[in-house]
Amino acid sequence: MKPLAVIGNVNIDLILGPAAPWPKAGTEIIVDHDELRVGGQAGNSALAWEGLGVDYEIAANVGSDQFGRWLSEAFGARSSKWPVRPEGTTLSVGITHPDGERTFFTTRGHLPRFNLGDVLAVLDGNRLAGGYALLCGAFLTEDLTRDYDALFDWADMHGITVALDTGWPLDGWTDTNCNATRDWLARCGVALMNEVETTTLAGMDDPAEAARALHALMPQGAIFVVKRGPDGAIAIDADGNLVSAAAPRVTVVDTIGAGDVFNAGFLAALARGEPPAACLSAGTAVASRAISTLPRSYGPAQASEEAV
C-alpha cells in the first residue's frame, strides 16, 4: 500500500442538536444530543483512516489552550511534532437540524497561522515518496495557502501525488478564489470536491460536464471526483472516462464531515491500487457508515446492528 498523509485543518467540533425551528433571539432550547470531538477536514479524514486501521501521517498545528492539548492527545505520537500557536484553538459549534443538515459557527483561532514550515517539520518527503497527500482547508490556513506553490514543488520533488479538497471559501467563490483553485488543480493528481463546489467553480449546471471541464485543467493521468451526498459520487478517471458509484441508503444521524470521511475511504482504496470506480464505492460506503452511526463508526456494520 502506498503511503498516505493529510495536511490541513484540525480543530474542535462541538455538535449540538437537532434544533428546529431555529430559536428566536434571547431564548433557550433543549436539544437531545451533544458531542465534543476532533474536527476540521484534516482531522475528520485522519479519524476515518484511524477507524479503518490505515497507517497515515498528519501535518497540523494547534492552539496553546486546553483544546489544543486535547487535540494533540487524540492523535498520540502522530502529533508529537505539531507546532503550538499562541492563539486559542479554532472551535466550530455545529447545530444539526432534523433533516441531517447543519449550521456552523467557527472562530478563527490557530488555523490561519498554519504554514509550510509546520508541514515540513512533521512530514518526511522520502518516507512519503510515491504516496498520496490529502491537502485540505485551503481557505482557512492562510499562511500555508500563500505557499502552496512551494508545497507542490516539495511534493513533486518526492513523487507525492497531492489530492486537493479546498473546502468552501468563507467569502464565496469570488473570481480570486476561482482563479486560485484552478491554478492549484493544475498541480494536483486528484481533486475531491462536492457537487456545488464543482458546478460553481466550473460555471456549469451539470456536475459531469463541470467535472470534465475542471479535469481538463489537471495534469495528465489525474482524477477529478465529485461527491454527491445521497446520490453517491462520480469521477473523471485518468483516461477521461466517467465512472460512478451509488451511495447506500441509510438513516442519517449527522452529516458533519461526510465529505472528509469519503476522501479517506477513496484515498485508502486508491493507495491499495484499486480502480477509480472501486475507490468511489469505498468512499461512499465509509461515509454512509459514518453519518448513520452514533457514536460514529467507519468500519462494516456489526452483526448486532440492525441493517437499514
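Look up: the structure comes first, before these words.
Residues numbered from 1 in each chain as written. Predicted model: local features only at pLDDT ≥ 70, side-chain atom pairs only at ≥ 80, totals over all residues. Heavy atoms only, no water.

A few points about the sheet that holds strand 7 (residues 91-96)
The condition that has to hold: At least two DSSP bridges between two strands are needed for those strands to be called paired. Note on conventions: DSSP H or I runs of at least 4 residues are helices, E runs of at least 2 residues are strands, and numbering of each starts at the N terminus. Simply put, an axis is a line fit to the C-alpha atoms, just over the touching stretch for a helix, and the angle between two N-to-C directions goes from 0 to 180 degrees. Contacts: residue pairs with any heavy atoms within 4.5 Å of one another.
What the four strands build is an open sheet, ordered 3-2-7-8; its pairing is mixed. Here the strands that pair on one side only, and so sit at the sheet edges, are strand 3 (33-39) and strand 8 (102-106). Along the sheet, successive strands turn relative to each other by an average axial angle of 20°, direction set aside. Against the sheet, helix 2 (residues 66-75) engages strand 2 (11-17), strand 3 and strand 7, with an angle of about 75° to strand 3.

Some details on the packing of aromatic side chains
The line we're drawing: Two rings from Phe, Tyr or Trp (for Trp, the six-membered ring) form a pair when their centres sit within 6.5 Å of each other. Planes less than 30 degrees apart are called stacked, planes more than 60 degrees apart edge-to-face, and all others tilted. Type-normalised accessible area, obtained with a 1.4 Å probe on protein chains alone, sets the label of each residue: buried when under 20%, exposed when over 50%, and partly exposed for intermediate values.
Under the criterion given, the structure shown has nine aromatic pairs. Relative to Y56, the ring of W49 lies with its centre 5.7 Å away and its plane at 40°, an arrangement referred to as tilted. Residue W49 is classed as buried on the basis of its relative accessible area of 0%. Accessibility expressed as a relative area gives 3% for Y56, which makes it buried. A ring pair is formed by W168 and W173, whose centres lie 6.1 Å apart and whose planes are at 85°; its orientation type is edge-to-face.

Here's the deal with the nonpolar core
Let me state the cut-off plainly: Throughout this description, the term nonpolar core refers to a set of buried Ala, Val, Leu, Ile, Met, Phe, Trp, Tyr and Cys residues connected via side-chain atoms within 4.5 Å.
Membership of the largest hydrophobic core comes to 83 residues, with the highest contact counts inside it found for I7 and F266. Counting residues per element, this core draws most heavily on helix 9 (residues 258-271), which supplies nine residues.

Re the sheet that holds strand 9 (residues 132-136)
An order of 4-1-9-10-11-12-13-14 is seen for the eight strands of this open sheet, with the pairing classed as mixed. Each of the sheet's edge strands pairs with one partner strand only, and the pair in question is strand 4 (57-59) and strand 14 (242-245). The sheet shows a mean angle of 20° between the axes of neighbouring strands, direction not considered. Taken together, the four bridges between strand 1 (residues 4-7) and strand 9 define a ladder with parallel strand orientation. Each residue of the ladder has a partner; that of A5, found in strand 9, is A133. Against the sheet, helix 5 (residues 148-157) makes contact with strand 1, strand 9 and strand 10 (161-165), and its axis sits at roughly 170° relative to strand 9, the strand it touches most.

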